[in-house]
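Residue-level structural notes
Spelled out from the first residue to the last, the chains are:
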Amino acid sequence: QLRASPLPEKSRGLLTAQAYFGLNEYPKAITSLSSVSERFPYDIDILSALFEAYRLNGQGTQAIETLEKAYRINPKRSDIARSLAVMLATNKTPGGSVPWERISSIIDGIEAPTADFKKLFYAFLLVTRGEKQLLSQALNLLGELTISSDRIVAGDALRLSMAIHRQAWEEATQEKRN
């Protein structure tokens, strides 16, 4: 029915993809969005939907490539920049290397209410990796942020720090039981 619709091609493509998302048919959403993307290669909405389809289908590398393209088109789109930073930080790559300098430059370009908000986001990305060295680095950064003049950031930093400590405490008591 959508093919015969008088809607513009871009809208039809996005609606078709949304229908496939609803059915958990991510490969079909990818096929549909890829086709529309060929006709509208610089459309951020299409690229964003294509990224989501790749991500949901477990295709992290393609998801990152799609976000990189969208980011090159419009680096000021904070949703794209944040998603790209998260994907770069969490994607398991061969060798396990994380491009932290690239992530920092992306975060620096994000429009945020305060510089402390950017630091909090960076700490969050460190935490998402779950590696002990990075958790220690995140805790140091979060400690600095708990005295931020931005009360929201200070509160979030304190809560995230407490969650990390709680997790460590639970792991330690679990090990003791075993």
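Look above for the structure.
About the cut-offs
Starting from 1, residues in each chain are numbered consecutively following that chain's sequence as written. Local features in this predicted model are restricted to residues of pLDDT 70 or higher, and side-chain atom pairs are both shown and tallied only at a pLDDT of 80 or more, whereas totals for entire chains, interfaces and linings draw on every residue. Side-chain figures throughout are based on the complete set of non-hydrogen atoms in the structure, without hydrogens or water. Elements are defined by DSSP. Helices are runs of H or I of four residues or more, strands are runs of E of two residues or more, and each kind is numbered from the N terminus. We call a residue buried when its accessible area falls under 20% of the maximum for its residue type, exposed when it is over 50%, and partly exposed in between, using a 1.4 Å probe and counting protein chains only. Distance and chemistry together define a polar contact, namely a pair of N or O atoms within 3.5 Å, with one atom able to donate a hydrogen and the other to accept it when in protein, and with adjacent residues in sequence counting only for side-chain atoms on both sides. Any pair of residues with heavy atoms lying within 4.5 Å of one another is described as a contacting pair. Salt bridges are defined as contacts in which a side-chain nitrogen from Lys or Arg sits within 4 Å of a carboxyl oxygen from Asp or Glu. A pair of Phe, Tyr and Trp rings is counted when the ring centres sit within 6.5 Å of each other, with Trp represented by its six-membered ring. The angle between the planes then sorts it: under 30 degrees is stacked, over 60 is edge-to-face, the rest tilted. By definition, being over a ring means that NZ of Lys or CZ of Arg is both within 6 Å of the ring centre and within 35 degrees of the ring normal.

1. Thoughts on the side chain of Ser148
Along the chain, the position of Ser148 falls in the loop between α8 (132-145) and α9 (151-177). Since its relative accessible area comes to 12%, Ser148 is described here as buried. Within the structure, Ser148 has its side chain in polar contact with the backbone nitrogen of Asp150 (distance 3.0 Å).

2. Points about the side chain of Thr66
Note that Thr66 resides in helix α4 (residues 60-73). A residue is classified by how much of its surface remains accessible, and Thr66, at 8% relative accessible area, is buried. Filtering out sequence-adjacent residues up to four positions away, Thr66 remains in contact with Leu47, Leu50, Phe51 and Tyr54.

3. Some words on the pattern of salt bridges
For the structure on display, the rule yields 10 salt bridges. With a shortest N-O distance of 2.8 Å, Lys10 and Asp43 are connected by a salt bridge. Remark: Asp43 occurs in the loop between α2 (26-39) and α3 (44-56) and Lys10 occurs in helix α1 (residues 9-22); sequence separation between them is 33 residues. Given the relative accessible area of 23%, Lys10 is considered partly exposed. Salt-bridge contacts for Asp116 lead to Lys119; the nearest nitrogen and oxygen are separated by 3.9 Å. Placement of the pair is Asp116 and Lys119 together in helix α7 (residues 115-129), with a separation of 3 residues, close to one helical turn. Taken together, the salt bridges that share partners define one network made up of Lys10, Asp43 and Asp45.

4. What about the environment of Asp45?
If you trace the backbone, Asp45 turns up in helix α3. The class of Asp45 is partly exposed, set by a relative accessible area of 40%. With 114 residues separating them along the chain, Asp45 and Arg159 place their C-alpha atoms 33 Å apart. In this structure Asp45 touches Lys10, Leu14 and Arg77, once residues within four positions along its chain are discounted.

5. Description of the packing of aromatic side chains
Two aromatic rings, taken as a pair, are described by how far apart their centres are and by the angle between their planes. In this structure the tally under the stated criterion is 3 aromatic pairs. Look at Phe21 and Tyr26: their rings are 6.2 Å apart centre to centre, the planes differ by 50 degrees, and that puts the pair in the tilted class. Assessed through its relative accessible area of 16%, Tyr26 is described here as buried. Relative to Phe124, the ring of Phe121 has its centre 6.4 Å away and its plane inclined at 20 degrees; by these criteria the two rings are stacked. In this pair, Phe121 and Phe124 both sit in helix α7, 3 residues apart, roughly one turn of the helix. For Phe121, a relative accessible area of 13% puts it in the buried group. Taking the relative accessible area as the measure of exposure, Phe124 reaches 39% and is therefore partly exposed. The ring of Phe40 is capped by Arg39, whose NZ or CZ atom sits 5.9 Å from the centre of that ring.

Interpretation note: all reported values are geometric properties and have no functional meaning in isolation.
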